[in-house]
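As a plain string of letters, each chain reads:
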Amino acid sequence: DAGITQSPRHKVTETGTPVTLRCHQTENHRYMYWYRQDPGHGLRLIHYSYGVKDTDKGEVSDGYSVSRSKTEDFLLTLESATSSQTSVYFCAARGSGSNSNQPQHFGDGTRLSIL
Amino acid sequence: AQSVAQPEDQVNVAEGNPLTVKCTYSVSGNPYLFWYVQYPNRGLQFLLKYITGDNLVKGSYGFEAEFNKSQTSFHLKKPSALVSDSALYFCAVSVTGGGNKLTFGTGTQLKVEL
């Protein structure tokens, strides 16, 4: 959807290991977002970016970091994965402009399991 | 802080009957309201949005939603449900100047049966 690709789509790893998830978009969107989806919580914002090298925290940012060195790529890193970070992670992007009324478009998610 | 409530975890409806998925919200300021649908193992797909103007908003696949400011609600509706409408539906809200940071409800599973 809207040219957003997430990789990997599935990953299993062990507690304490670093993990990086990648989001790639082809539409030159300025704004990009990382969410996690958990049963009973809907989607919660982890971090977002409003331009190259411009990022900010969301409501559940502890234990996560992000980087955006190019417009098309937004990386999410778990420096030392914990079992509580087992989740489905979604990347989203939206078109340019500061208005908050444009819809976000989502990738198909990464299912991350931390054992 | 902004919040969204979807009071029903699951809604069951017979094919051909009208459907309603409920959403209420709480924000400071004027809300921007969105509905998304999620099919298994897929990302969220945008259905419709309310920004301003007409309280009845029409979207994709025959869905519509009615904005009610006094009741702070934005219920999703469809006149005649299809089995293929079975999916997980999310309501979301943002506000002006909020960087389009969406706050999502917990989702409502819609099941349409023959």
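Before any of the text, the structure's been laid out above.
This report concerns the structure included in the present document. (Residues numbered from 1 in each chain as written. Chains lettered and ligands numbered in written order. Predicted model: local features only at pLDDT ≥ 70, side-chain atom pairs only at ≥ 80, totals over all residues. Heavy atoms only, no water.)

## Concerning the overall build of chain A
Looking only at helices and strands, one finds zero helices and 11 strands in chain A. The C-alpha atoms of chain A give 13 Å as radius of gyration, which agrees with the globular expectation for 115 residues (13 Å, within 12%). Across its three principal directions, the C-alpha atoms of chain A cover 40 × 30 × 25 Å. Intrachain contacts of chain A at a sequence separation of at least 6 include 55% that bridge at least 24 residues. On chain A, roughly 5200 Å² of surface is accessible, and the fraction owed to carbon and sulfur atoms is 46%. The distance from the centre of the 12 positive side-chain charges to the centre of the 12 negative ones in chain A is 1 Å. (Helix = DSSP H or I, 4+ residues; strand = E, 2+ residues; numbered from the N terminus. Rg over C-alpha atoms; globule rule 2.2 N^0.38 Å. Contact = heavy atoms within 4.5 Å. Areas by Shrake-Rupley, 256 points an atom, 1.4 Å probe, with all protein chains shown as cover. Lys, Arg positive; Asp, Glu negative; His and termini not counted. Charge placed at Lys NZ, Arg CZ, Asp CG, Glu CD.)

## A few points about the pattern of salt bridges
Using the criterion set out here, one finds nine salt bridges over all chains in the structure. Among the salt bridges present, the one from B:Lys58 reaches B:Glu64, with a minimum N-O distance of 2.9 Å. Overall, B:Glu64 belongs to the buried group, its relative accessible area being 18%. Here B:Lys111 makes a salt bridge to B:Glu113, at a shortest N to O gap of 3.9 Å. The partly exposed category is assigned to B:Lys111, whose relative accessible area is 41%. If you follow the salt bridges from partner to partner, you end up with A:Arg22, A:Lys70 and A:Asp73 in one network. (Salt bridge = Lys/Arg side-chain N within 4 Å of Asp/Glu carboxyl O. Buried < 20%, exposed > 50% of the residue type's maximum accessible area, 1.4 Å probe, protein only.)

## Points about the side chain of A:Arg36
Residues and elements named next belong to chain A. Mapped onto the fold, Arg36 is located in strand S4 (residues 31-38). At 2.9 Å, the side chain of Arg36 and the side chain of Tyr64 are in polar contact. If near-sequence neighbours (up to four positions away) are discounted, Arg36 is found in contact with Gly42, Leu43, Arg44, Ile46, Val60, Tyr64, Ser84, Gln85, Thr86, Ser87, Val88 and Tyr89. (Polar contact = N/O pair within 3.5 Å; in protein donor to acceptor, adjacent residues only side chain to side chain.)

## Structural notes on the layout of surface pockets
Here the largest pocket defines a volume of roughly 470 Å³. As for the largest pocket, its lining consists of 26 residues, of which A:Gln37, A:Val88, A:Arg111, B:Gln38 and B:Leu88 are closest to the centre. Those elements that provide at least two residues to the lining of the largest pocket are S4, strand S9 (87-94) and strand S11 (110-114) of chain A together with strand S10 (87-95) of chain B. Its residues placed into classes, the lining of the largest pocket shows eight nonpolar, 13 polar and five charged. (1 Å grid on protein atoms, 1.4 Å probe; cavity = no way out; pocket = protein on both sides within 12 Å on 5 of 7 lines; lining within 4 Å. Points joined across faces, edges and corners; volume = space filled by probe spheres on them. Nonpolar A, V, L, I, M, F, W, Y, C, P; charged D, E, K, R; others polar.)

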